[in-house]
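Working through the structure, step by step
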Amino acid sequence: MLKHIYIRNFVFIDTLELTLDSGVIMITGETGAGKSIILGAIDAALGQRNSQEKIKLGENEAEVILTFDLQDNQKAKNYLEENALNDDESSCIIRRVIYKDGKTRNFINGRPSNVSALRELGELLLLLHTQNENQILLNTLGQTQLLDAYADAQKLLTDIHQCVTQWKKFDSEMKLLESKEGEKNQRLDYLRYQHQELANANLDLEEIQALPAKHKVLASAKESIELYENILSAFAPMDSLGVLDVLQRLRQPITAVEKLSSRRPAGSSGELSDLLNNAIVQIEELASSTKRLLNTVDTDPETLVKIEERMAELHQLARKHHVNAEELPQLLSSIEQEINNLSENEKKISLLKNEKILLEKKYKTLAETLTKKRSQASKTLSKKVTQLIQELGMPTAIFSIVLETIETVAPNIYGAEQAAFMMKANANYPEVPLKKTASGGELARVSLALQTLLAAYIQIPTLILDEIDVGVGGKIAAMIGQQLRKLGETHQVICVTHQPQIAASGHQHLKVEKHDQKNQPTTVTVTPLNDAQRVAEIARMLGGLTITEHALQHAREMLASY
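Below, the structure is looked at part by part.

Once that is clear, we can look at the pairing of strand E3 (residues 24-29). Along E3, six of the six residues are buried, which leaves the element largely enclosed by surrounding structure. Both E3 and strand E14 (residues 492-496) contribute to a ladder of four bridges, which runs parallel. Looking across to E14, one finds that Met 26 is bridged to Cys 495. Both E3 and strand E15 (residues 508-515) contribute to a ladder of five bridges, which runs parallel. What sits directly across from Ile 25, in E15, is Gln 508.

In this section: unusual backbone geometry. Positive phi, close to 55°, is recorded for Asn 9, a residue that is not glycine. Turning to its location among the elements, Asn 9 is positioned in strand E1 (residues 2-10). Judged by its relative accessible area of 10%, Asn 9 is buried. With phi around 55°, Asp 152 is a residue other than glycine that occupies positive phi space. Mapping Asp 152 onto the fold places it in the loop between helix H4 (140-150) and helix H5 (154-179). Residue Asp 152 is classed as exposed on the basis of its relative accessible area, which comes to 54%.

This next bit is on a negative patch on the surface. A surface patch of negative charge is lined by Glu 81, Glu 82, Asp 87, Asp 88 and Glu 89. For Asp 88, the position within the fold is in the loop between helix H2 (74-82) and strand E5 (91-99).

Right, let's get into the pattern of salt bridges. Side-chain pairs of opposite charge can arise where the charged atoms are in close proximity. Throughout the structure, instances matching the rule amount to 17 salt bridges. One salt bridge in this structure joins Arg 8 and Glu 63, with 2.9 Å as the shortest N-O distance. Taken together, the positions of Arg 8 in strand E1 and Glu 63 in strand E4 (residues 61-69) put the pair 55 residues apart, joining distant regions of the chain. By the burial criterion, Arg 8 is buried, and Glu 63 matches it. Residue Lys 356 is joined to Asp 171 by a salt bridge in which the shortest nitrogen-to-oxygen separation is 2.6 Å. Here the residue Lys 356 occupies a position in helix H12 (residues 328-391), and Asp 171 occupies one in helix H5, the gap between them amounting to 185 residues.

Okay, the packing of H2 against helix H3 (residues 115-125) next. How two helices sit against one another is set out by the angle between their axes and by the gap between those axes. Orientation of H2 relative to H3, taken along the N-to-C sense of each, is 155°, at an axis distance of 8 Å. When the interaxial angle is binned, H2 and H3 end up roughly antiparallel. In this structure, the crossing between H2 and H3 has a hand that is left-handed. Mapping the contact onto sequence places Lys 75, Ala 76, Tyr 79 and Leu 80 in H2 and Ala 117, Glu 120, Leu 121, Leu 124 and Leu 125 in H3. Looking at the contact of H2 with H3 residue by residue, the classes come out as seven nonpolar, no polar and two charged.

A few words now on H2. For H2, the full list of buried residues reads Ala 76, Tyr 79 and Leu 80. Down the axis of H2, the buried side of the element spans an arc of 95°, and every buried residue falls inside it. Exposed side of H2, more than 90 degrees from the buried face: Glu 81 and Glu 82 are the residues found there. Those residues of H2 hidden inside the fold are in contact with E5, strand E6 (104-108) and H3. Looking one or two places after H2, you find Ala 84, whose phi comes out positive at around 55°.

The final tally for this structure, using the stated rule, is one aromatic pair. Seen from their ring centres, Phe 399 and Phe 421 are 5.2 Å apart, and the 70° between their planes marks the pair as edge-to-face. Within this pair, whereas Phe 399 is found in strand E10 (residues 398-405), its partner Phe 421 is found in strand E11 (residues 417-424), the two being separated by 22 residues in sequence. Of the two residues examined, Phe 399 and Phe 421, each falls in the buried class.

Quick look at the environment of Glu 17 now. By the element assignment, Glu 17 lies in strand E2 (residues 13-19). Relative accessible area serves as the criterion here: at 54%, Glu 17 is assigned to the exposed category. For the pair formed by Glu 17 and Val 64, sequence separation is 47 residues and the distance between their alpha carbons is 9.9 Å. Excluding anything up to four places from it in sequence, Glu 17 contacts His 4, Ile 5 and Tyr 6. Side-chain polar atoms of Glu 17 contact the side chain of His 4, separated by 3.2 Å.

Parameters and conventions
- Residues numbered from 1 in each chain as written.
- Predicted model: local features only at pLDDT ≥ 70, side-chain atom pairs only at ≥ 80, totals over all residues.
- Heavy atoms only, no water.
- Buried < 20%, exposed > 50% of the residue type's maximum accessible area, 1.4 Å probe, protein only.
- Helix = DSSP H or I, 4+ residues; strand = E, 2+ residues; numbered from the N terminus.
- Pairing = 2+ DSSP bridges.
- Patch = residues over 30% accessible without salt bridge, like charges linked within 9 Å, V, L, I, M, F, W, Y side chains within 5 Å.
- Areas by Shrake-Rupley, 256 points an atom, 1.4 Å probe, with all protein chains shown as cover.
- Salt bridge = Lys/Arg side-chain N within 4 Å of Asp/Glu carboxyl O.
- Lys, Arg positive; Asp, Glu negative; His and termini not counted.
- Charge placed at Lys NZ, Arg CZ, Asp CG, Glu CD.
- Axes fitted to C-alpha atoms, helices over the stretch in contact; angles between N-to-C directions.
- Parallel < 35°, antiparallel > 145°, perpendicular 65-115°, else oblique.
- Left-handed = near helix turned anticlockwise from the far one by under 90°.
- Contact = heavy atoms within 4.5 Å.
- Nonpolar A, V, L, I, M, F, W, Y, C, P; charged D, E, K, R; others polar.
- Arc of directions from axis to C-beta.
- Phe/Tyr/Trp six-rings, centres within 6.5 Å; stacked < 30°, edge-to-face > 60°.
- Polar contact = N/O pair within 3.5 Å; in protein donor to acceptor, adjacent residues only side chain to side chain.

As C-alpha cells, this is what we get:
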C-alpha cells in the first residue's frame, strides 16, 4: 500500500508530506480547492506524460516521492528483483523530478530508471482512476486480466504462457534454419559434387606420399642403366685393356721387383704385391656390385605411365581445390563433415515441426479450457456488475463482457480471445465499449463494483478513485460509502469525494484547502483530520451557510454508522 507522499512545487503545493493509513482514505474540500492535485502528483510520479505543465508557477522543477509498503505485494517484489531494483524487501520508494523543459529524472529505490519502468511498476502497486483515465479498466489487456482474475484462471494462463513461449522459441529456431535453406541447398549441391569428384579419386595419403619416390625411381631407370654399363665397360672394353687386365699386367714387374731382395728396402717385402692383390679384390667387388644393381633397376614403362597419370590427376585436383596433393584426403573428410552438418539441419527442422505440432495441440486444449472459463465468468460477472452499478446510482445501466476472437494463426499468450467491457444506458440502447460511453463518475462506479467483486482475486493493493460521486447523493451515496468501506477491509482505497455520506465511510480523512492571498501565489494545504475535525468537515459538506448543531449531530451519526 501507499505509505507516504512527498510533494514539492507541484501545481499550488509548495511542500507537502502525508503519511497514509490502510483502509479507506477520504480527500475532501471546497469545490476548486485542488483535491485532485494529490492524485495528479501520484499519477505524475508513476510516469504521466506532460507533467512539466504541473510545475508550480515561478519554479523550475517539481518533485514527487512515493513510498510503498510491499509486505503483501509479491508481484511488485518479483518485478523489483527481476530488474535489479530491489533494496528493502518490505518497501519501495519511487522518486520523480520534473523539469520545465520536459526532462525528468526517475528513481526506483535510489536507482535511475526510465518512464516505462515507472509505469510497469505502478500497475503492480495501485489502480489509478482519475478524471476519465484508468490504466486497467479502459484497455483491452486490463479488461481481459480482470475477467481472468474473476475466472480464477491464473494457473491456466501460466500453462498457456509457458506453452506459447516454448512454441515461439521453436518457431524462431525453425524459421532461422528455413531462411538458410535456399543457401544450404545450393551449398549441399556444390559440396556433393566436390565429394563425388574427390571420392572417385580413391585418395590415400600413403599412396600420395609414396608416388614421387616411385616416379623418381622409374623415371631415372634408363639413366641408371647407362651409368652402370659405363662402369662395367671399364672392366671388359672391346678395343683396349680393362681395369683388371691392367692390374694383372702389373703383377709381373712387381714380382720381378720383389725378387731383387738385395735391393728391397728393409721392411717392404711383399708390400707392392699386397696392395695389388687388394686392388684386384676391390675392383672385382665393384664389378659384381655394379652388375647386381644393374639387375635391380625397374624398367617397367607401363608402371611409369600409370604413375605419371596418377600424379597428374592428383595435381589437377589439388590445383582445382587450392590445396597441396597431400591435403586432398583431409579436404574430402572436411567436405563429408559439412555435408553431414547441413543434412542435420533438415533433421532439426523436422524435429522442430513435430515439437510445434505437439505444442499447438496442447495450446488448443488449454485455450479451449480457458475460453470455457472466460465464457462462464463473463456471464456471471456481467450480471453482478450490472446489479451493483444499478445499486450505486446507475439504475438503467447494463454492463456486459464480450469475448472477441483474436485473429492470429500463431498461439497467443493471452489465449484465443480477449475481453471487451461494454455498457449501455438502458435495455433499449445499443451496447458500446465502456471507454466510449462512461463518464468519469460512471467509470469510477464500474471500477468500484469490479474491485468489490474481485477483491479476493486482485493483488493490486491500492485503489484510487476520483469523481465516484458524480450525479449521486443521499441513499446512493451512502451505498457507495458502504461498498468502499467493505473494499477497505482488503485494500487501501483513496477517494476524492464531495458527498458527506461517502466521506463518512473513510478510516482516514484528509482536507484540502486553497489559500488565495493578495499579491501572493495561490497555495494548497492538506490536513489530516482528527475525530472532531472530521465531524466539522462532514457537517460543512452537508450544506448550509453556517454549521448548525443539527448538522454537527447529523455528521456524528453518519460517522458513528461506520
